[in-house]
Amino acid sequence: MTALEWLEMLRPGLDIDAGLWAAWQRLDTALDDVADDDPGTSDPATRSRWLRRVRTRLAPHRGTGLWQAGAQFLAGYRDLDLREATGTGHGQMILDHAPDLLASHWEQQLAGGALVGIAATEAHGGSRIQEITTTARVMPSGRWQVHGSKCWVSRLTESDAFVVFLRDPAGTISAVVIDAATPGLVREPRAPSGLGGWSWGMLIFDGVNLDPAVCLLGGVGEGLRIFRDRFTGFRPLVTLCALGTAAGVHDQVRRLLADRTARGIVPRIRDNALITLGSTWAQINAAILLALHASGPDSHDLTARLGKAHGVDTACHAVAALAPLIGAVGFQHDHPIAKARADLAALQFADGIHDSLYRSGGSELLRTATRWARLQAA
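Quick caveat, the model's predicted, so the values are computed rather than measured.

### A few points about the nonpolar core
Stage number 1. Core analysis: the largest hydrophobic core is formed by 87 residues, its most contacted members being Trp24, Trp106, Phe165, Val253 and Ile288.
Stage number 2. With 15 residues, helix H8 (residues 223–262) is the largest single contributor of residues to this core.
Stage number 3. Non-local contacts of Ile288, meaning those with residues more than four positions away in its chain, are made with Trp6, Leu10, Phe73, Leu240 and Leu243.
Stage number 4. Val164, Val176, Ile178 and Leu185 belong to the second-largest nonpolar core, a separate cluster that totals 19 residues.

This is the structure in structure tokens:
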């Protein structure tokens, strides 16, 4: 199978017209083209520069909604590093919430392949955004001065700007846009284990000076709403990229097993391998359907949270089950399946640790049931 064939099998149950399908086909071809000069993963800096070039080359392929959902799957099928290959990414927060002049500027930048990072996580964890300590203090001029630090920031050195969540002078949570070249903004990379295509590490604010009239998103105190809205839309896209990676591994394993039997290297494929192929195919497809549903315009935050945790867990479990079917070759450090396993494992921590996502989802489900029970009792 190919990446498009995975989507083709689900097409009868999805609202995919001929125009959308043709757009996916064009992107699929473009992704094959950009892969021709992939430098590999031995030199992270070289790979990082290549990924930025890929993003610029694919900038003409843009869309929203279901198009972007499919684009994430097609990109992940090749390599989870391509999760930022298309679309506006976290820059969408600027387009949705910035003052008109700033939004117009970034619309042009993003159309040319610019990249925006997000800085929310601190040492206590990313899910408890209400407790952040990065603080903006108002100066006599009315400008804000920002002090603090963020950790585990992805696309650390590649981003042209960051959407930063901080405690504003009113004591509430706000979101601001800070250009990557702003004085006082210090980037300290760390070497990640998995998801190494983009840089990752600490972002330090040492007296960063900004004008809230220009850089503030939404308004004072709007940070929590912007964060939640963003991740409701973003998590399904991350999930589809991860499931694309699992689908790509599934096809690699199938092709290798078929080749070994065709050449007589092995007399037959054992039943346990056939069972694994069948069960993981079903698991991946079921998770894709949930993620596509979660990426729709009427999606709920609960679906995004639980769908992300379930979808990435499904991808991790599927790849872990598939890898042993091809033997030791798949456990070489530079093998794409070994890379996929490490990347997917890291994604269980990025954009929400899964235990936290499941727990918050379970809590919401219980609250809903409790309200219903009280109404019935009344």
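### A word on the environment of Arg143
Stage number 1. Of note, Arg143 is situated in the loop between strand S2 (135–138) and strand S3 (144–154).
Stage number 2. Along the sequence, Arg143 and Thr261 sit 118 residues apart, while their C-alpha atoms lie 69 Å from each other.
Stage number 3. Look past the residues within four positions of Arg143 in its chain and what remains in contact with it is Arg137, Val138, Asn209, Leu210, Asp211 and Pro212.
Stage number 4. Engagement of the side chain of Arg143 in a polar contact is seen with the side chain of Asn209, the distance being 2.5 Å.

### With respect to the packing of aromatic side chains
Between two aromatic rings, the relevant description is the distance of the centres plus the angle of the planes.
Stage number 1. A complete count under the given rule lists five aromatic pairs for this structure.
Stage number 2. Ring plane angle 70° and centroid distance 5.8 Å describe the contact between Trp21 and Trp24, whose orientation is recorded as edge-to-face. Placement of the pair is Trp21 and Trp24 together in helix H2 (residues 18–34), with a separation of three residues, close to one helical turn. Taken as a pair, Trp21 and Trp24 share a single burial class, namely buried.

### Notes on the pattern of salt bridges
Stage number 1. Taken as a whole and assessed by the stated rule, the structure comprises 21 salt bridges.
Stage number 2. Between Asp32 and Arg78 there is a salt bridge, with its nearest N and O atoms 2.9 Å apart. Here Asp32, found in helix H2, pairs with Arg78, found in helix H4 (residues 66–78); they are 46 residues apart in sequence, far enough to count as distant.
Stage number 3. Take Asp32: its relative accessible area is 40%, and that puts it in the partly exposed class.

### Digging into the packing of helix H1 (residues 3–10) against H4
Each pair of packed helices can be described by the angle between their axes along with the distance between the axes.
Stage number 1. At a minimum axis distance of 9 Å, the contact between H1 and H4 shows a crossing angle of 140°. One way to sum up the angle between H1 and H4 is to call them oblique. Relative to H4, the crossing made by H1 is right-handed. Contacts between H1 and H4 involve Ala3, Leu4, Trp6 and Leu7 from the former and Gly70, Phe73, Leu74, Tyr77 and Arg78 from the latter.

### Here's the deal with the pairing of strand S7 (residues 200–210)
Stage number 1. Two elements, S3 and S7, share nine bridges in a ladder whose sense is antiparallel. Directly across from Ser149, in S7, lies its bridge partner Ile204.
Stage number 2. Across six bridges, the pairing between strand S6 (residues 185–190) and S7 is antiparallel. Looking at S7, one finds that Arg187 is bridged to Leu203.

### Remarks on the confidence of the model for the protein
Stage number 1. Per-residue pLDDT for the protein has a mean of 92; in total, 99% of the residues score no lower than 70.
Stage number 2. Looking over the protein, one finds the lowest element-wise mean pLDDT in helix H12 (residues 354–377), namely 84, and the highest in strand S8 (residues 216–217), namely 98.

### Here's the deal with empty space enclosed by the protein
Stage number 1. Under the definition given, this model contains one cavity of 30 Å³ or more.
Stage number 2. Of the voids in this model, the largest cavity is the one considered here, and its volume is about 50 Å³.
Stage number 3. Lining the largest cavity are Arg55, Leu58, Ala59, His61, Arg62, Ala85, Thr86, Gly87, Leu110 and Gly113.
Stage number 4. Across the lining of the largest cavity, the residue classes break down as four nonpolar, four polar and two charged.

### Topic: the domain arrangement of the protein
Stage number 1. Once the domains are mapped, the protein shows domain 1 (3–94), domain 2 (115–220) and domain 3 (225–372).
Stage number 2. With centres defined by C-alpha atoms, the gap from domain 2 to domain 3 works out at 30 Å.
Stage number 3. Counting residues at the interface gives 14 residues for domain 2, matched by 10 residues for domain 3.
Stage number 4. Summed over both partners, the interface of domain 2 with domain 3 buries about 820 Å², with 74% contributed by carbon and sulfur atoms.
Stage number 5. Broken down residue by residue, the surface that domain 2 buries against domain 3 is led by Ile118, Phe165 and Leu195, which jointly contribute 42%.
Stage number 6. At the junction of domain 2 and domain 3, the tally comes to zero salt bridges.
Stage number 7. Remark: the boundary between domain 2 and domain 3 carries one residue pair in polar contact (both at pLDDT 80 or more).
Stage number 8. Here the residues of the side of domain 2 that touches domain 3 are counted per class, giving seven nonpolar, seven polar and no charged.

Reading the values: the criteria
Residues numbered from 1 in each chain as written. Predicted model: local features only at pLDDT ≥ 70, side-chain atom pairs only at ≥ 80, totals over all residues. Heavy atoms only, no water. Core = buried A, V, L, I, M, F, W, Y, C linked by side-chain atoms within 4.5 Å. Buried < 20%, exposed > 50% of the residue type's maximum accessible area, 1.4 Å probe, protein only. Helix = DSSP H or I, 4+ residues; strand = E, 2+ residues; numbered from the N terminus. Contact = heavy atoms within 4.5 Å. Polar contact = N/O pair within 3.5 Å; in protein donor to acceptor, adjacent residues only side chain to side chain. Phe/Tyr/Trp six-rings, centres within 6.5 Å; stacked < 30°, edge-to-face > 60°. Salt bridge = Lys/Arg side-chain N within 4 Å of Asp/Glu carboxyl O. Axes fitted to C-alpha atoms, helices over the stretch in contact; angles between N-to-C directions. Parallel < 35°, antiparallel > 145°, perpendicular 65-115°, else oblique. Left-handed = near helix turned anticlockwise from the far one by under 90°. Pairing = 2+ DSSP bridges. pLDDT = per-residue confidence, 0-100. 1 Å grid on protein atoms, 1.4 Å probe; cavity = no way out; pocket = protein on both sides within 12 Å on 5 of 7 lines; lining within 4 Å. Points joined across faces, edges and corners; volume = space filled by probe spheres on them. Nonpolar A, V, L, I, M, F, W, Y, C, P; charged D, E, K, R; others polar. Domains from an automatic or database assignment. Buried area = accessible area lost by both parts, 1.4 Å probe.

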